[in-house]
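Architecture and fold: a report
Next come the chains, spelled out residue by residue.
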Amino acid sequence: MSQPVTVTGGPNTEQDYRSGSTTLSLELDVLGEPVRFDLKVANVQARLSDIAPLARTLSAKLVGATLDRLGAEGKNVPCRKGCSACCRYLVPLSVPEVFRLAEDMSAMPASDRETSMQASLDTARIILDRMPADFRTAEPAQAEDGVRSKQLSEWYAGLGLSCPLLSDNLCVLYEQRPIACREHMVISSADSCDPASTHKQNVVKMPVSVIECLGLLTAELEQSDVEAVMLPLALPWAQENAERSRRTWPAPAMVERFVEILQSTAKAPAAAPQP
């Protein structure tokens, strides 16, 4: 699957007419240190799902830079591949991530795809069967409703459900996992992430919330509210909103606005919580 946007390490040039692409620069503050990215954007039309791989890459680089700084300060982050301590929490996805997740799952080997899709549908049925009436009034939830989101998260944690993408304590789509999963890190013990734990989590504060920026970008492009979709409900939601998944915008304009949103919402300087 070709990508209209890639992260490069090359120099910044405004436009390369020969290759039909534009290069944009992005600089963000990570714990007091600037981190720079150069983005190569093809001059084509792009869908919402096309921005998701870029967002994942930027998130991964921000997480990596944050881990390096925390390590230099002597702080230990137990979060890594194979740790599933937080995989029983509510995972919100931005709209671009929902559409991309549906594409990623469709590209899985047949047996893995069928297993993961069935697990997602089974979990979705449990959620919808047990969901209180007041949570049913708005799907997807408006992301800015912090109180409602907290109540929903607490209710979901009480169900004791594992993520439908979890198999033998490993994420079957680890490289394509949601941004919310990538950016959730603690400098407390992994045990503190268990919903039943009595130990308080010490969550790392990221310099910028990439998922929040994706939500803001989508709302601007579609002239709609900021939305978030629960991971187990992502597949049926994507099917119901298939027409939205096919809409396109000029990729350079989309990425340029995404960069502006990232820079304007970045928290600089961002300090890690004290242990």
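I will try to describe carefully the structure that is included in this document. (Residues numbered from 1 in each chain as written. Predicted model: local features only at pLDDT ≥ 70, side-chain atom pairs only at ≥ 80, totals over all residues. Heavy atoms only, no water.)

**Description of the overall build of the protein chain**
When helices and strands are tallied, the protein chain shows nine helices and 10 strands. Taken across its 275 residues, the protein chain has 47% of its residues classed as buried. Total accessible area computed for the protein chain in this model is approximately 13,600 Å², and 50% of it derives from carbon and sulfur atoms. (Helix = DSSP H or I, 4+ residues; strand = E, 2+ residues; numbered from the N terminus. Buried < 20%, exposed > 50% of the residue type's maximum accessible area, 1.4 Å probe, protein only. Areas by Shrake-Rupley, 256 points an atom, 1.4 Å probe, with all protein chains shown as cover.)

**A short note on the pattern of salt bridges**
Under the criterion given, the structure shown has 13 salt bridges. With a closest N to O distance of 4.0 Å, R100 and D104 form a salt bridge. Residue R100 and its partner D104 are both found in helix 2 (residues 95-106); the two are separated by four residues, about one turn of the helix. Classification of R100 as buried rests on a relative accessible area of 4%. (Salt bridge = Lys/Arg side-chain N within 4 Å of Asp/Glu carboxyl O.)

**Overview of the packing of aromatic side chains**
Counted according to the given criterion, the structure contains one aromatic pair. Positioned above the aromatic ring of Y174 is the side chain of R177, whose terminal nitrogen or guanidinium carbon lies 3.8 Å from the ring centre. (Phe/Tyr/Trp six-rings, centres within 6.5 Å; stacked < 30°, edge-to-face > 60°. Lys NZ or Arg CZ within 6 Å of the ring centre and 35° of its normal.)

**Regarding unusual backbone geometry**
Within the chain, D168 stands out as a residue other than glycine whose phi angle is a positive 55°. With respect to the element layout, D168 can be found in the loop between strand 7 (166-167) and strand 8 (170-171). Since its relative accessible area comes to 73%, D168 is described here as exposed. In the Ramachandran plot, Q223 falls in the positive-phi region, its phi being about 55° despite a non-glycine side chain. With respect to the helices and strands, the residue Q223 is situated in the loop between helix 6 (210-222) and strand 9 (227-230).

**Describing helix 9 (residues 251-265)**
With 15 residues, helix 9 should cover 21 Å at 1.5 Å per step; its first-to-last C-alpha distance of 21 Å lies within 8% of that length. Buried residues of helix 9: A251, P252, M254, V255, F258, V259, I261, L262 and T265, and no others. (Expected span 1.5 Å × (residues − 1).)

**A few points about the side chain of T22**
Here T22 shows up in strand 2 (residues 21-30). Residue classification places T22 among the buried residues on the basis of a relative accessible area of 9%. Only 3.1 Å separates the side chain of T22 from the side chain of N43, close enough to count as a polar contact. (Polar contact = N/O pair within 3.5 Å; in protein donor to acceptor, adjacent residues only side chain to side chain.)

**Topic: the pairing of strand 9**
Side-chain alternation along strand 9 places E227 and V229 on one buried face and A228 and M230 on a second face that is also buried. Two elements, strand 5 (residues 92-93) and strand 9, share two bridges in a ladder whose sense is antiparallel. Its bridge partner being in strand 9, P92 is matched across the sheet by M230. (Pairing = 2+ DSSP bridges.)

**A look at the sheet that holds strand 3 (residues 33-42)**
Taken together, three strands build an open sheet; the order of strands is 1-3-2 and the sheet is antiparallel. Sheet topology places strand 1 (5-8) and strand 2 at the edges, where each strand pairs with a single neighbour. On average, each strand axis in the sheet is tilted by 30° relative to the strand beside it, whichever way the strands run. Contacts from helix 1 (residues 52-72) reach strand 1, strand 2 and strand 3, with the element oriented near 165° to strand 3. Across the sheet, helix 9 is in contact with strand 1, strand 2 and strand 3; its angle to strand 2 comes to roughly 10°. (Axes fitted to C-alpha atoms, helices over the stretch in contact; angles between N-to-C directions. Contact = heavy atoms within 4.5 Å.)

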